[in-house]
Amino acid sequence: MRRISMDGASMGARGLWLSLAWLSASTALGCGRREALPASQDPGAEPPAQLAPPAQPEEPAAPLQESRVERDGLSIAFALRPLDRGQQGGGTGLGAAPAAAVAGSDVVAEFTITDASTGAPVRGLTPLGWMSRRAGADGAAAASFSGGAPAASLASGASAASLAGGAVDAAPDEAACRGKIKSFMAGLLSVRPEVDMNAYLLWTLNQDNTLSAINPQVALARTQLRSVVSLSGRGVSFVLHPDRESLYVTLRGGQGLAVVDTRRGLVRTNVTVGQDPSRVVVAPDGRTVWVGNDGDGTVSVIDARSTDVLRTLPVGPGHHEIAFTGGGRAAWITSQQGESVAVVDGETLEPLGEIAVGEGVVSIAASDEAGVVHAANAARGEVVVLDVARRAVAGRVALKPGLGALQFDPRGRFSFALNPAANEVAVLDGATGAVAHTLTGLAAPDAVTFTGAFAYIRNRGAARVSLVDRSALGGPAAPPLVDIAVGQDPPLAAAARPGPAALATPIAPLPEGNGALVASPADKALYVYVEGMMAPIGTLPSYGREPRSILVEDRSLKEVRPGVYATTVRLGEGGLYDVELLLDRPRTGVCLEATVAPARCAPGDGEADASGCGGDPVKDIAIAPLFEPDLRLAAGEPATLRFRATAGEGGPPLDALDAEDIEVMVVRFPAGYRFRGAPRAEGDGTFSVAFTPPAPGQYRFLAAVPGRGAPVGALPFVPLRVSARGARAQGGGAR
């Protein structure tokens, strides 16, 4: 196979559909008139948690505050809303609404864009948004909040400048607004927004029972590791729900399926499924999650909203792979030790039939465009072509034994059948079923991912990724391979061996579509590659872990309802913020504003000596550990930490408190590892959380009940000491 190099590349920030040259010259870019908007009320209840036809999106939570701009015939409203609808309401008990957008909290940032004259929603935009803290906002913001400004003033959108008494700088004029947006677009290190609404997170599935969430954006003087999620077992495969709020991970050792809350970075629940769950996929409509149970020959179908197991389907023995046709109307399920491919109705979950293909199928891929399903048989070295309409075998393509992963390109025209044993990839034409090209000279290819221009093939036996120009696949000659050196050691050199080749997802496309992120378990690093370059443009650490699989959670602004563009953001320090928005149609930039309240116990906020700060218990709630102070644990050995939530110091147990109301964090002191977990209720106000310390050292156990005004850090911490594995440690973790 001929290999070539690439040159003439260019790269840039997300959203280069708006060039900086236009940005500096545009007269439409500017700041508009600001008006306060009244806070709206919650119009409806949560839909029932059951499998049902796709429903209209839920109405948003009542805003914490809003501001509005009218510009170029558009009415643009910006709102910060609570993350959960369940946090709305009044009072100080459970479910109380936050009084304001608080520093360091996660909230929903939302832009509503309508026609100023008709009120019609403006759809199909690709907006970019930022929040930058206004100069001089330090003292003003603190004064406005510590001085007892009523929550109603904030909720009704009162101007932060009025609360601050005019101590902050004036709002940017048109030129200043244009300049700030231009600086953010240029990616200058000297001018960084506190909140970037165009961000994305990298999630890695590691070898050590953890998931890592990494922020790949430039971060000065702080770690890029956003959170580490500790799992109850070693992860096998994972998938992100289309709504970007849930991550599903299959676990070894009979631990079932972990459902991870991506916004909080913790396990929301563990779902009991069949034996040895392996492959997990989300149906195209997002309503169901399908888990292949390799140990008992079944597939569990789970309601994505309620996490209830809807059906357990007997499909045959061995490893299972799952593909969908008709937009999810039918699921095609393989069984490696069985003779057939099972076809199941995606809505009723009733069997539609079985197709005899022979024992040994290891992967499957579907193309609605071609109306076919391809199934790779490793032992026989063939791809079985299945006709979707007839649900029958349409042909068999003879290749070489040792086939592994199989995947169609995004257009559904060509399927890539990887053969790590033969060091080659067969490209099959979905329309004819024939081999269009054979790509040779690879080193144990085991995974393929696509961008708009290229197919990315990982070489498990070499420290390189091979690119294939997709535009050349329709020609008579095999397209050349473009080899990009990635890292120092091949993936095979990693200490932890991955599972079946079809489960590996070590390459993820960049959200911009012009490159990819490559996980290198041997180097314990992530490499960023932009198309056209001769080598990766950057490296991200995996913080001592082996990243075996990777996916991207795009946290940029998305149209969640007609004319409404939203994303989840983590707020910066307290103060007055300018909110910059750049639109592509019409080419317009505007600046709005928002106010962020200081976090409780923040230096200079006037509450350093208040209850809940400096270790004093928060009024009406206390966390009592049921393990010895200064507990000693062993690195790498799981422990169960139990505690009781009571109504004040020495008060009765809080039986009404649910496990989801409590957040648990374990941090290594003074800095480094951080674990966040969801506790399990054991009754009588007692809760427990499973924790496996990764290394020896000093740790701190912290519990929080945000809904009762006790965020992380407000309640006293409990010290933990972790010894080296094998050293004598106190056992039990509970009284």
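Residues numbered from 1 in each chain as written. Predicted model: local features only at pLDDT ≥ 70, side-chain atom pairs only at ≥ 80, totals over all residues. Heavy atoms only, no water.

> Honestly, the packing of aromatic side chains in this entry has me stumped. Any pointers?
The geometry of an aromatic ring pair is captured by the separation of the ring centres together with the interplanar angle, meaning the angle of the planes. Enumeration according to the criterion identifies eight aromatic pairs in this entry. Both rings, one in F78 and one in F111, keep their centres 4.8 Å apart while their planes meet at 45°; by these two values the pair is tilted. In this pair, F78 is assigned in strand β3 (residues 74-81) and F111 in strand β4 (residues 106-115), connecting sequence segments 33 residues apart. F111 shares its class with F78; the two are buried. For the pair F643 and F701, a centre-to-centre distance of 5.7 Å together with 55° between the ring planes defines the contact as tilted. Of this pair, F643 sits in strand β45 (residues 639-646) while F701 sits in strand β50 (residues 697-704); the two residues are 58 residues apart in sequence, bridging distant segments of the chain. (Phe/Tyr/Trp six-rings, centres within 6.5 Å; stacked < 30°, edge-to-face > 60°. Helix = DSSP H or I, 4+ residues; strand = E, 2+ residues; numbered from the N terminus. Buried < 20%, exposed > 50% of the residue type's maximum accessible area, 1.4 Å probe, protein only.)

> What is the right way to look at the confidence of the model for the protein in this model?
One rule of thumb: low pLDDT means the predicted coordinates there are not for detailed reading. Averaged over every residue, the pLDDT of the protein is 79; the share at 70 or more is 74%. Mean pLDDT across the secondary structure elements of the protein bottoms out at helix α1 (residues 20-25), with 31, and peaks at strand β19 (residues 330-333), with 98. Ignoring residues within four places in sequence, the model shows residues 1-57, a span with pLDDT below 50, making 156 contacts including any to other chains. The low-confidence segment residues 728-735 (pLDDT under 50) makes 22 contacts with residues lying over four places distant or belonging to another chain. (pLDDT = per-residue confidence, 0-100. Contact = heavy atoms within 4.5 Å.)

> Before we go on, may I ask you to explain the pattern of salt bridges in this structure?
One side chain can pair with another of opposite charge once the charged atoms of both are near each other. Counted according to the given criterion, the structure contains 28 salt bridges. Across the pair D261 and R263 runs a salt bridge, and its minimum N-O distance is 3.9 Å. On the basis of relative accessible area, D261 is assigned to the buried category, the value being 5%. Judged by its relative accessible area of 9%, R263 falls in the buried class. Residue R268 is joined to D261 by a salt bridge in which the shortest nitrogen-to-oxygen separation is 3.6 Å. For R268, a relative accessible area of 38% puts it in the partly exposed group. Salt bridges linked by common partners bring R134, K180, D578, E580 and E593 together as one network. (Salt bridge = Lys/Arg side-chain N within 4 Å of Asp/Glu carboxyl O.)

> Is there a simple way to think about the pairing of strand β28 (residues 424-429) in this case?
Consecutive residues of a regular strand have side chains that alternate between opposite faces of the sheet. With respect to burial, β28 is a largely interior element, six of its six residues being buried. Of the two faces of β28, the one carrying E424, A426 and L428 and the one carrying V425, V427 and D429 are both buried. Examined bridge by bridge, strand β27 (residues 414-419) and β28 share six bridges and lie antiparallel to one another. Pairing of A417 across the sheet is with A426, part of β28. Counting the residues between successive antiparallel strands, the hairpin from β27 to β28 contains four residues, one of them, N423, with a positive phi of roughly 60°. Sheet topology note: the β28/strand β29 (residues 435-439) ladder contains four bridges and is antiparallel. Following the sheet pairing, L428 is matched in β29 by V435. The hairpin turn running from β28 into β29, its antiparallel successor, is five residues long, and G433 in that turn takes a positive phi close to 80°. (Pairing = 2+ DSSP bridges.)

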